Every structure is written in structure tokens, then in C-alpha cells.
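Commentary on secondary and tertiary structure
Okay, here's what each chain looks like letter by letter:
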Amino acid sequence: MINAASVSVLADGLTATWGSFPKARFTARALDGLDELELKARVAHVAAALHDALPLPYPQAAEIVRACASQVTLDMWSGWPATDHTAARGLDHLEAGMSTLAALTPYATGEFAVRPFLERHRDAALAIMYDWATSPDEHLRRLASEGSRPRLPWAGRVGWLMTPGPTLPLLDRLRDDPSAYVRRSVANHVNDLAKDHPEAALELLARWRAEGGSHVEAVLRHAVRGLLRAGHPEALALVGATPGSGAVDVLTLESDAVAVGDRLGFAVTVTAGAPGPVLLKYAIRRPGSRRVFHLGQREADGAGATFTVRKTHSFRPVTTRDDSPGPRELEVIVNGRVAATTAFTLLPAPN
């Protein structure tokens with residue numbers, strides 16, 4: 001997606017903004033060797049070509065980059081190199097750099113590019129993001145939450161964001177935002193926080209519930225998903241489930257062996273131990289690895305209610321993990337407790 005077409009869109013926008021922009025030189029350099037690069041390397045490569053084509057003091061270059069967004073239809077792929085350019089060249093110019101990210105983020109999110117500013121300018125950058133949280137633009141409000149996430153995927157770690165506290169005023173402002181796009185980011189932010197500071201995250205969510213709001217339950221549910229996957233008792237109680245309650249009556253596999261690339265089908269019958277939510281997870285275990293997945297949720301009217309859930313698990317090969325053949329165990333987890341286990345074998349893919 002970062003290719004000749006996306007480079008052309010960015011070049012057209014810059015040319016329309018600044019008549020002296022060396023469009024041909026920028027395009028040639030941006031495309032030179034691009035096809036051999038992976039995604040983030042492509043972004044950096046085009047950003048470097050942009051810097052070469054804008055040999056101006058950064059505040060002037062920033063004006064041109066900001067204005068180009070209104071000249072063409074930027075999207076994530078054409079605009080991402082411009083946000084990367086901002087992060088690389090604008091760090092000594094906080095106001096100009098952050099203003100540029102604010103202008104670009106409706107087209108190409110600035111969540112990755114804002115991280116170096118938070119690292120370099122901590123309090124001043126965060127103060128700007130507090131203002132973003134009150135913007136009428138949902139993209140900018142979302143950037144305030146997403147860009148400051150403790151464990152933002154694909155982004156560099158910012159050490160001080162890993163401790164609870166500095167971003168809580170942002171989350172308080174945005175927790176009941178009218179935009180689902182923003183609220184989902186808030187929930188993801190709290191889910192990140194919960195990975196390192198579960199008690200702080202649970203305390204925050206309990207306070208939000210006490211304070212009320214139109215969307216608090218949906219945000220809470222998405223924010224505690226990591227803790228629920230881990231069987232955290234306080235998280236289970238927060239969503240109304242009785243930790244450790246419930247039993248597996250029957251667990252059956254369609255087959256005791258499945259090949260790489262195929263699917264394993266199974267069915268489980270569960271009896272509730274108490275009224276309320278029954279949260280079902282399952283785990284695939286092998287030596288040195290245990291991965292947990294969502295199986296389902298049922299609402300029990302009382303102890304003794306039974307439910308049968310059927311599921312298929314895919315062993316389709318993916319590049320992000322090695323799923324080598326060998327013995328496996330399937331665990332069924334009921335309200336945070338492993339309630340049943342059965343063995344199966346993962347076979348090599350057929351020739």
C-alpha cells in the first residue's frame with residue numbers, strides 16, 4: 001500500500017501547496033529501492049525523501065506539510081510518511097510538530113509519531129494532548145488516548161507512560177466520549193495499563209462505574225478483557241462473574257489429532273455454580289507455551305444451569321508464530337479456573 005500511487009498522492013499535495021516543491025526528485029528518490037523494503041522501512045524511506053525535498057527550516061516545512069492535507073485526499077498510506085517526517089524532523093519544534101500531527105491525524109493517524117514528542121517534551125507535549133481531548137474532531141480526541149497508550153502496538157516504549165497516573169486525566173475526559181472510535185481507544189489504553197498495573201486499572205474502572213455514564217459498561221468490558229483472559233478474580237467480580245465458579249460436565253473433541261492448516265472442533269457442556277455471567281475461555285498448551293482464547297459467555301439464572309458450546313480452532317500457519325507439530329492440551333476455563341483438560345496431537349501439514 002506504500003507504493004508509487006501513495007507517493008504520487010503525497011507529491012501532488014505538496015506541489016499544490018508549494019510551487020517550488022521538487023516533485024520529480026522527491027518521487028524518484030522515494031521510489032528508488034522501495035519495493036525491497038518492509039512496511040515500516042518504507043515509511044522511513046519515503047519520509048527521508050520528503051526531508052530531502054523540503055530543505056527549509058522546520059517551521060516552514062511544517063506549514064507546507066500541514067497545508068497539503070487539504071489539497072489532496074490523503075489516507076494512512078500516503079500520509080504516514082508525512083507523520084514520520086514530523087517525528088524525525090520536528091522534535092526541536094514542539095508547537096510546530098504537534099500542530100502538524102494534529103492536522104494530519106484525520107487522514108493518517110499520528111499515534112506513532114507523537115511518541116518521540118512525549119519522550120522528549122513530556123509535560124509540555126502531554127498538556128497539548130489534554131487540549132486535544134476537548135477537540136470537536138474525533139480523530140484528534142482519539143489521538144490523545146491512542147498516542148499515549150502505555151503499550152501501543154508497533155510503537156516505541158515511552159518509559160514514564162508505563163506508570164499509572166499521567167494519562168488518567170485524558171482518560172477521564174474521554175471515557176464517555178460520543179464516538180465509539182474514541183471510546184475503543186480509551187478501553188485499549190486501560191487494557192494496556194492493566195497488563196502492568198492491574199489494581200490501578202480496576203480501581204479506575206470501578207470509579208467510572210460509580211460515576212456512571214452512557215457507555216461505561218461497554219468501555220469497562222473491553223478494558224478488562226486481558227484480565228478476564230488471565231482469570232483475574234477482581235476483574236471477574238467487576239463484570240458480575242463468580243470467580244472459579246462452574247464445572248465442565250462433558251468435553252469432547254471431533255478428533256484426537258489435527259494437521260497444521262486444519263481445524264480442531266470441540267464441544268463443551270458447562271454447569272453454572274452460581275447465578276450471573278459464566279465466562280468461558282479455552283487454552284491451547286504445548287511445552288513452553290500457553291495461548292488463551294475466548295470461547296463464549298452465558299448468563300445463568302442460578303446454580304445448576306447448563307450450557308453447551310461448540311467451537312473450532314484453526315491451526316492455519318501464520319508468520320508471527322511457530323506452531324510446530326507435536327503433543328498439545330486443550331484446557332477449558334470457566335470463570336477463571338481450568339475446569340477440564342484433554343490431550344490431542346498436532347500433525348504436520350499434508351504434502
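Residues numbered from 1 in each chain as written. Predicted model: local features only at pLDDT ≥ 70, side-chain atom pairs only at ≥ 80, totals over all residues. Heavy atoms only, no water.

1. What to know about the environment of glutamate 146
By the element assignment, glutamate 146 lies in helix H8 (residues 138-146). Note: C-alpha distance between glutamate 146 and valine 260 (114 residues apart in sequence) is 36 Å. Residue contacts for glutamate 146: discarding those within four places in its chain leaves Glu111, Arg115, Leu152 and Ser185. (Helix = DSSP H or I, 4+ residues; strand = E, 2+ residues; numbered from the N terminus. Contact = heavy atoms within 4.5 Å.)

2. Quick notes on the confidence of the model for the chain
In low-pLDDT segments, the atomic positions of the prediction should not be examined closely. Here the chain averages 95 in pLDDT, and 99% of its residues register 70 or above. Least confident of the elements in the chain is helix H13 (residues 225-229), whose mean pLDDT is 94; most confident is strand E3 (residues 263-271), at 98. (pLDDT = per-residue confidence, 0-100.)

3. Concerning the side chain of serine 179
You can see serine 179 is positioned in the loop between helix H9 (168-174) and helix H10 (180-196). Using a relative accessible area of 7% as the deciding quantity, one classes serine 179 as buried. A polar atom in the side chain of serine 179 sits 2.5 Å from the side chain of glutamate 138. Apart from residues no more than four positions distant in its own chain, serine 179 is found in contact with Glu138 and Arg141. (Buried < 20%, exposed > 50% of the residue type's maximum accessible area, 1.4 Å probe, protein only. Polar contact = N/O pair within 3.5 Å; in protein donor to acceptor, adjacent residues only side chain to side chain.)

4. Quick notes on the pairing of strand E7 (residues 326-334)
The buried fraction of E7 is high, at 7 of 9 residues. With 6 bridges joining them, strand E4 (residues 276-286) and E7 adopt antiparallel strand pairing. Note on E7: the bridge partner recorded for lysine 281 is isoleucine 333. In the sheet, E7 pairs with strand E8 (residues 337-347) via 9 bridges, with the strands oriented antiparallel. Bridging from a neighbouring strand, arginine 328 pairs with phenylalanine 344 of E8. (Pairing = 2+ DSSP bridges.)

5. Points about the sheet that holds strand E1 (residues 247-253)
What the 3 strands build is an open sheet, ordered E1-E3-E6; its pairing is antiparallel. Each edge of the open sheet is held by one strand with a lone partner, namely E1 and strand E6 (306-314). Across the sheet, the axes of successive neighbouring strands diverge by a mean angle of 20 degrees, strand direction being ignored. In this sheet, E6 lies alongside E3 in antiparallel orientation, the contact comprising 9 bridges. (Axes fitted to C-alpha atoms, helices over the stretch in contact; angles between N-to-C directions.)

6. Observations concerning the domain arrangement of the chain
Domain parsing of the chain yields domain 1 (4-238) and domain 2 (246-347). Every contact between the two is made by 5 residues of domain 1 and, on the other side, 6 residues of domain 2. Taken together, both faces of the contact between domain 1 and domain 2 bury some 510 Å²; the carbon and sulfur share is 63%. Area buried by domain 1 at its contact with domain 2 is led by Arg221, Arg229 and Leu236, which between them contribute 73% of it. (Domains from an automatic or database assignment. Buried area = accessible area lost by both parts, 1.4 Å probe.)

7. Some remarks on the pattern of salt bridges
Going through the model one piece at a time under the given rule, you end up with 17 salt bridges. Two residues, lysine 23 and aspartate 12, come together in a salt bridge whose shortest N-O distance is 2.5 Å. Taken together, the residues lysine 23 in helix H2 (residues 23-31) and aspartate 12 in helix H1 (residues 4-17) connect sequence positions 11 residues apart. Residue classification places lysine 23 among the partly exposed residues on the basis of a relative accessible area of 35%. The residue arginine 142 makes a salt bridge to glutamate 146 at a minimum N-O spacing of 3.5 Å. A residue pair is termed a helical-turn pair when its members lie 3 or 4 positions apart in one helix, as arginine 142 and glutamate 146 do in helix H8 at 4 residues. The residues arginine 142 and glutamate 146 share a single accessibility class, namely buried. Because the salt bridges share partners, they merge into one network encompassing Glu111, Arg142, Glu146, Arg149 and Asp192. (Salt bridge = Lys/Arg side-chain N within 4 Å of Asp/Glu carboxyl O.)

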